[in-house]
Amino acid sequence: MGYIKVEEVLPVEVIELIQQYVDGANIYVPKKSNNYVGWGQANHTKEKMQARNHDIYQEYLQGTRVDELAEKYYLSQKSIWRILRKMKNN
């Protein structure tokens, strides 16, 4: 998320009104609820992690040890166990 200069998007009257409340401070303007995109949907991170977790589970079922999976995927053993537990329950 980058910054946008307020002068480029808002009329002077609105800027002056905002300055009455937050003069010189940074503020966050959230998206409208109908424009909200869930975590990982915009850049497909969620699908990539699900595929990775599936691969981890399959490798585990084929006999790969947890410590080896942790090293291969740059995760802690605790994270690997959490993934395995979640995949088993699904």
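Quick note: structure is the one above.
A short tour of the structure in this document, coming up.

Each value, and the rule that gives it
Residues numbered from 1 in each chain as written. Predicted model: local features only at pLDDT ≥ 70, side-chain atom pairs only at ≥ 80, totals over all residues. Heavy atoms only, no water. Helix = DSSP H or I, 4+ residues; strand = E, 2+ residues; numbered from the N terminus. Rg over C-alpha atoms; globule rule 2.2 N^0.38 Å. Contact = heavy atoms within 4.5 Å. Core = buried A, V, L, I, M, F, W, Y, C linked by side-chain atoms within 4.5 Å. Buried < 20%, exposed > 50% of the residue type's maximum accessible area, 1.4 Å probe, protein only. Axes fitted to C-alpha atoms, helices over the stretch in contact; angles between N-to-C directions. Parallel < 35°, antiparallel > 145°, perpendicular 65-115°, else oblique. Left-handed = near helix turned anticlockwise from the far one by under 90°. Nonpolar A, V, L, I, M, F, W, Y, C, P; charged D, E, K, R; others polar.

A few points about the overall build of the protein chain
Then step 1. The helix and strand inventory of the protein chain stands at 5 helices and 0 strands.
Then step 2. When the helices and strands of the protein chain are listed from N to C terminus, the series reads α-α-α-α-α.
Then step 3. Relative to a compact globule of 90 residues, whose C-alpha radius of gyration would be 12 Å, the protein chain shows 23 Å and is clearly more extended.
Then step 4. Along the longest, intermediate and shortest principal axes, the C-alpha atoms of the protein chain span 65 × 25 × 20 Å.
Then step 5. Taking all contacts inside the protein chain whose residues are at least 6 apart in sequence as the whole, residues at least 24 apart take part in 27%.

Observations regarding the nonpolar core
In a soluble, globular protein the nonpolar side chains are often hidden away together inside.
Then step 1. Core analysis: the biggest nonpolar cluster contains 9 residues, these being I56, Y57, V66, L69, A70, Y73, I80, I83 and L84.
Then step 2. Sorting the residues of this core by element identifies α3 (45-61), α4 (66-73) and α5 (77-89) as the ones contributing at least two each.
Then step 3. When residues of this core are assigned to their parent elements, the largest contribution, 4 residues, is made by α4.
Then step 4. Residues within four places of I83 in sequence aside, it is in contact with R52, N53, I56 and L75.

Section: the packing of α3 against α4
Then step 1. Running from N to C, α3 and α4 cross one another at 150°; their axes reach a closest spacing of 10 Å. Taken together, the axes of α3 and α4 lie roughly antiparallel to each other. In this structure, α3 meets α4 at a crossing whose hand is right-handed. Each of R52, D55, I56, E59 and Y60 in α3 lies in contact with α4, whose residues at this interface are V66, L69, K72 and Y73.
Then step 2. A per-class count over the contact of α3 with α4 returns 5 nonpolar, no polar and 4 charged.

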